[in-house]
Structure formats: C-alpha cells, structure tokens
Amino acid sequence: NICISQDFDFFFFVQQWPGSLCDTKKSCCFPLTGKPASNFTIHGLWPNFNNGSYPSNCNIAQNPFNQSKITDLIPRAQTKWPSLSCSGGKKTENNNTSSDNTRFWKHEWDKHGTCSDSILDQHAYFEVSLNLKDRIDLLQILQNNGIKPDGSFYSVANITQAIKQAIGYGAGITCNTDPSGNRQLNEIALCVDKSASNFIECPILPKGTQSCIENVEFPIF
Ligand code: 5GP
Ligand code: 5GP
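Residues numbered from 1 in each chain as written. Chains lettered and ligands numbered in written order. Predicted model: local features only at pLDDT ≥ 70, side-chain atom pairs only at ≥ 80, totals over all residues.

1. A word on the UniProt feature "active site" (unreviewed entry) in the protein chain
Where we set the bar: UniProt positions are given in the numbering used here, feature names are shortened, and annotations may be inferred rather than shown by experiment. Note on conventions: DSSP H or I runs of at least 4 residues are helices, E runs of at least 2 residues are strands, and numbering of each starts at the N terminus. Buried residues are those with 20 or more other C-beta atoms within 10 Å of their own C-beta, exposed residues have 12 or fewer, and partly exposed residues lie in between; C-beta atoms are placed from the backbone. Contacts are defined on C-beta atoms placed from the backbone: any two residues whose C-beta positions lie within 7 Å are in contact.
Those residues carrying the UniProt feature "active site" (unreviewed entry) are His43, Glu108 and His112 in this numbering. In three dimensions, the annotated residues from a span of 70 residues occupy one location, with a maximal C-alpha spread of 11.1 Å. By the element assignment, His43 lies in strand S2 (residues 41-48). Judged by local crowding, His43 falls into the buried class, with 24 C-beta atoms found within 10 Å. Not counting the four nearest positions on each side in its chain, His43 is found in contact with Val14, Gln15, Gln16 and Glu187. Mapped onto the secondary structure, His112 falls in the loop between helix H3 (101-111) and helix H4 (122-135). Here His112 falls in the buried class, since 25 other C-beta atoms lie within 10 Å of it.

Encoded structure:
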C-alpha cells in the first residue's frame, strides 16, 4: 500500500460508561432518541501503533463521513453508539440541549476510521464496531463479578481481572473525575487485531490508563 498513513498495528475498541461522562462538571446531553440504556456505549475503534502512537485524520478529503452509506446501521448505532456530549447539540422543544449522534460518528470516522479505510470501508467500520460491541457484554461481565454501577467504589485490579477471566485478554481502564473530585471508571479499551476480527492481548495500553487510582467509583446511570 502506497499510503503510509494507512499503516497501523492493531485497534483499540473503546467503550464509555455514560454515567461517568454525565457525572462531570461539563455534564452531558442525550440524543433526541432519549436517555440511552444503562450500559456501556461505543466511543470508537481506533487504529494504533505498537509503540503507543497513532495515526489520525488520514483521508478526510477523499473519504469524508457520509451518513447515507450507513443508513441500515443507524438503528443499531443509535442504541449502541450514542453521543452524550453537549457540544454541537440542538435546543429541544422543552429547552434542553440534545447531543448530536451524527456529529460524533463523523468525528470518529474522520479522525480514526479514515486511517484504517484500506481494511474497513465506512460501512464495514461501523458494522464491525457494532458487532464487536455485541460480542462482549462488559456490563454483564462486571456484574457477574459483583461490580455494579451503583455509585460505590471498586478496585481497578478487580475490574481488569474480571474482564481477563471472561474474555481471555486484558483491558485498559481509563478514569475521569466527578464534580466532587472522585475518580471514576470512564472507559474500557479492548484490543482487536488489524483485520478487526479477533480480540487480542493489548500490545500497549491507551494513553489515559494512568488516570485511574486503586479504587474508582462506578457511577449510577
Ligand atoms: P475523540 O477525539 O476522543 O475520539 O472524540 C471526542 C470528540 O467527540 C470530542 O470532540 C467530543 O466532543 C465528541 N463527542 C461527541 N459525543 C461524545 C461522546 O459520547 N463521548 C465522547 N468521549 N466524545 C464525544
Ligand atoms: P483523551 O485526551 O480524552 O484521552 O483522548 C482524546 C482523544 O484522543 C480520544 O477521543 C481519541 O480520539 C484519541 N486518543 C487518546 N488516546 C488514544 C490512544 O491511545 N490511541 C488512539 N488511537 N487514540 C487515542
């Protein structure tokens, strides 16, 4: 392949905990379809290098996000890949602000998806991500190990251990901070091989992994 930017080693498949996105100073917004279910949602599928760096915004000029290419996937994406960010949202009738799913999907495709588009075209990128989400039910795995989104604190080591036992591979946990300064479980990254078909052991963990401390809150959503 002559396009150097298409080169990468593996994917991070990153899921976010909506309760932690909302439990921040910035707060959050819901899509027009309403409050998402209390479950992890997709943040993105991110091509990455084994050395920790990653390509971004590779091919937006030639291959920009085009929602009409994923019309058939939109119902699934609305439930599994909603946006919870207020930026770019619109005022709703009752004067709340909504999030904008399309804007989030466009951001993820343009920034990350265009860097793997020699392997996954836009439709495949979204379909594969939705299928990966369906293959591993992180919330169920955690709940099976007594780790519940009930606002109490859990050890990051136990969270990681539960996932490793269930799927056979480690995971990278990242954290953020609630308005009273508590560190909380924000995102869980799993690693996927370059063909986007198999979970693998992570060659490295995502940059944000150091943001956690020993025990972190798992907020209610
Ligand atoms: P990243 O650059 O981390 O892949 O994506 C974050 C960007 O997507 C930010 O610009 C953020 O405002 C936007 N965004 C929209 N909805 C969401 C969401 O639900 N979660 C996150 N993490 N970012 C979102
Ligand atoms: P943050 O600064 O919130 O950790 O990350 C902001 C954005 O940078 C993420 O939404 C994602 O787009 C990108 N990003 C952060 N860490 C990594 C990483 O380790 N690998 C890749 N591929 N992207 C990352």
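Still to come is the rest of the account.
2. A short note on the pairing of strand S5 (residues 183-192)
To keep things clear, this is the line we draw: Any two strands with at least two DSSP bridges between them are considered paired.
Burial analysis of S5 places nine of its ten residues in the buried class, the great majority of the element. Where strand S1 (residues 10-16) lies against S5, six bridges are found, and the strand directions are antiparallel. Residue pairing across strands places Gln15 opposite Ile188, the latter belonging to S5. The pairing of strand S4 (residues 172-177) with S5 spans six bridges and is classified as antiparallel. For Thr174, the partnering residue across the bridge sits in S5 and is Glu187. Two elements, S5 and strand S6 (residues 199-200), share two bridges in a ladder whose sense is antiparallel.

3. A closer look at the pairing of S4
Counting buried positions over the six residues of S4 gives five, a clear majority of the element. Two successive antiparallel strands, S4 and S5, enclose a turn made up of five residues, where Gly181 displays a positive phi of approximately 90°.

4. So, the site of ligand 1
Rule in force here: A residue counts as near a molecule or strand when its C-beta atom, positioned from the backbone, falls within 6 Å of it. The nonpolar class holds Ala, Val, Leu, Ile, Met, Phe, Trp, Tyr, Cys and Pro. Asp, Glu, Lys and Arg form the charged class, and all remaining residues, Gly among them, are polar.
Taken together, the neighbourhood of ligand 1 is formed by 13 residues, with Ser83, Leu84, Ser85, Phe104 and His107 sitting nearest. Where the shell around ligand 1 is concerned, the elements lending two or more residues are S2 and H3. Counted by class, the shell around ligand 1 contains three nonpolar, eight polar and two charged residues.

5. So, the site of ligand 2
Around ligand 2, the neighbouring residues are Phe12, Trp46, Asn48, Tyr54, Lys111, Pro206, Lys207 and Gly208. For the shell around ligand 2, the per-class residue count stands at four nonpolar, two polar and two charged.

6. Points about the environment of Asn131
For Asn131, the location among the structural elements is in helix H4. Considered as a pair, Asn131 and Ile70 are 61 residues apart in the sequence and their alpha carbons are 14 Å apart.

7. Comments concerning the nonpolar core
One recurring pattern in soluble globular proteins is that nonpolar side chains are buried together. Short version of the rule: Each nonpolar core comprises buried Ala, Val, Leu, Ile, Met, Phe, Trp, Tyr and Cys residues, the members being joined through C-beta atoms within 7 Å.
Counting 40 residues, the largest nonpolar core has Phe11, Phe13 and Val192 as the members making the most contacts within it. Element by element, the count of residues in this core is highest for S5, at six residues.

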